[in-house]
Every structure is written in structure tokens, then in C-alpha cells.
Amino acid sequence: MLEPLRQGLPPLNLAAASDAASCALHARYEAVREARQFTRATLDQWHMGDRFDDVCLVVSELVTNALRHALPAGAPRPAAPEPPVRLHLMRWTGRLVCAVRDPSDDSPVTRDPGDLSDDCSAESGRGLFLVDSFSDSWGWHPLAGALSGKVVWALFRHPGAADRPVPGL
């Protein structure tokens with residue numbers, strides 16, 4: 001699923017992932033909160049709660065973008081056996097990847113950061129700028145094969161368990 005295509009995702013061997021978790025998200029307002037709760041529980045289980053704030057912000061933005069742009073309001077939604085958006089969290093030693101899959105084939109569109117400061121009242125357009133600011137790298141790629149749509153991902157580097165300082169030492 002995460003073959004590098006855009007913006008330099010380091011090669012990731014999915015079979016070598018220490019941990020992986022995913023959740024399906026329905027196209028409803030509660031989906032962003034559900035994604036944050038899922039992320040909190042997963043990072044706590046992986047003893048990575050110290051990264052929650054940055055990862056949660058990025059997850060919120062990626063899920064919001066998928067719901068807002070990949071599933072625009074009023075667009076017909078064919079009945080599907082599975083919800084249209086899926087959040088994946090994958091951990092390797094030293095790396096965490098958050099990936100959001102959605103059914104749109106359209107590429108994510110970033111706004112120029114200079115445009116953001118010109119209109120302080122804008123309520124949208126900052127999402128990918130925040131993703132870029134809080135993650136170590138991000139990108140996207142279209143899905144291949146029988147799946148249509150795309151995956152937008154963000155990479156976070158983190159020290160491996162052996163590299164973490166021991167409290168009290």
C-alpha cells in the first residue's frame with residue numbers, strides 16, 4: 001500500500017512493521033473525533049503517547065481533508081460494504097506512518113503559506129500546511145489495482161525503545 005511515489009517516502013517494508021492498526025471511518029462529523037480516539041488508544045498501546053499531540057493534529061487534518069474534499073457534501077454516495085475513508089497507523093523502529101485512504105483520484109492541493117497569512121478569516125486551506133509543519137515528511141500516491149482513490153501519508157521519526165532515555169537516569 002505505501003510504495004513511495006510522491007515526495008520522498010522512505011522505503012518501508014510492510015512485512016517488517018513492528019505494529020500496524022487501522023480503522024474505517026464513516027462520512028460523518030464524528031469521524032474526526034473517532035480518528036483522534038483511535039490514534040490515542042493506538043499510540044498509548046505502542047507506548048508512544050509522547051507523540052500524540054503532533055500525530056493527532058496531523059491525523060485530524062488528513063481525515064478532515066478526506067471527508068471534505070474526497071467526499072464533498074451533496075455528492076452521491078453509492079452503498080459500499082465498507083466506509084469510504086480508512087486511517088492506517090504503522091510503526092517501525094524509529095518511524096511512524098499515518099496514512100488516510102479515500103476514494104478520490106484527485107491529488108491533494110496545498111496552498112501557498114503566503115496566501116494563508118493574507119486572509120486571517122479563512123477557515124480552510126491550512127490543513128496540508130499543518131501536516132507539513134508537524135510531520136517529518138508527507139506525500140500521497142494513487143491506489144493501484146482494484147482499489148480506486150489515493151492514500152495521503154505523513155511520516156514521523158521517533159527514537160526506538162532502545163534509544164529512549166530511561167526515566168531517573
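Predicted model, so just to flag it, every value in this text is computed and none were measured. (Residues numbered from 1 in each chain as written. Predicted model: local features only at pLDDT ≥ 70, side-chain atom pairs only at ≥ 80, totals over all residues. Heavy atoms only, no water.)

J.: Any chance you could break down helix α4 (residues 127-134) for me, citing the residues and the numbers?
T.: Within α4, the full set of buried residues consists of Gly-127, Leu-128 and Val-131. Taken around the axis of α4, the buried residues stretch over an arc of 90°, which confines them to a single face. Residues of α4 that are buried make contact with α2 (52-70), β4 (137-142) and β5 (150-157). (Buried < 20%, exposed > 50% of the residue type's maximum accessible area, 1.4 Å probe, protein only. Helix = DSSP H or I, 4+ residues; strand = E, 2+ residues; numbered from the N terminus. Arc of directions from axis to C-beta. Contact = heavy atoms within 4.5 Å.)

J.: How would you explain unusual backbone geometry if you had to name every residue and give the values?
T.: The backbone of His-47 sits at a positive phi, close to 55°, despite the residue not being glycine. In this structure, His-47 sits in the loop between α1 (30-45) and α2. Here His-47 falls in the exposed class, since its relative accessible area comes to 65%.

J.: Give me the lowdown on the packing of α2 against α4, citing residues and values where you can.
T.: Taken N-terminus to C-terminus, the directions of α2 and α4 make an angle of 150°; their axes are 9 Å apart at the nearest point. As the angle between them shows, α2 and α4 are arranged roughly antiparallel. Remark: the crossing between α2 and α4 carries left-handed chirality. Between α2, through Asp-54, Leu-57, Val-58, Glu-61, Leu-62 and Asn-65, and α4, the contact on the second element is made entirely by Gly-127, Leu-128, Leu-130, Val-131 and Phe-134. (Axes fitted to C-alpha atoms, helices over the stretch in contact; angles between N-to-C directions. Parallel < 35°, antiparallel > 145°, perpendicular 65-115°, else oblique. Left-handed = near helix turned anticlockwise from the far one by under 90°.)

J.: I'd like a rundown of the packing of aromatic side chains, residues and numbers included.
T.: In total, this model carries zero aromatic pairs according to the counting rule given. Stacked on the ring of Phe-52, the Lys or Arg Arg-40 has its end atom at 3.7 Å from the ring centre. (Phe/Tyr/Trp six-rings, centres within 6.5 Å; stacked < 30°, edge-to-face > 60°. Lys NZ or Arg CZ within 6 Å of the ring centre and 35° of its normal.)

J.: Run through the environment of Arg-68, naming residues and quoting values.
T.: Inspection of the secondary structure assignment puts Arg-68 in helix α2. Taking C-alpha positions, Arg-68 is 9.2 Å from Ala-27, a pair spaced 41 residues apart along the chain.

J.: Summarise the side chain of Ser-137; cite the residues concerned and give the values.
T.: With respect to the helices and strands, the residue Ser-137 is situated in strand β4. On the basis of relative accessibility, which here comes to 18%, the residue Ser-137 falls in the buried class. Excluding residues within four positions of it along the chain, Ser-137 makes contact with Trp-153, Ala-154 and Leu-155.

J.: I'd love a proper account of the sheet that holds β4, names of residues and values included.
T.: The antiparallel open sheet is built from five strands, whose spatial order is β1-β2-β3-β5-β4. At either margin of the open sheet sits one strand with a lone partner, and together these are β1 (19-25) and β4. With strand direction ignored, the average angle separating the axes of adjacent strands in the sheet is 15°. Pairing of β4 with β5 involves six bridges; the strand directions are antiparallel. Looking across to β5, one finds that Pro-142 is bridged to Lys-150. Packing of α2 onto the sheet brings it into contact with β1, β2 (85-92), β3 (95-102) and β5, and relative to β3 it is tilted by some 15°. (Pairing = 2+ DSSP bridges.)

J.: Can you tell me about the pairing of β3, naming the residues and giving the values?
T.: A large share of β3 lies buried, amounting to seven of its eight residues. By the bridge criterion, seven bridges tie β2 to β3 in an arrangement that is antiparallel. Of the residues in β3, the one forming a bridge with Leu-87 is Val-100.

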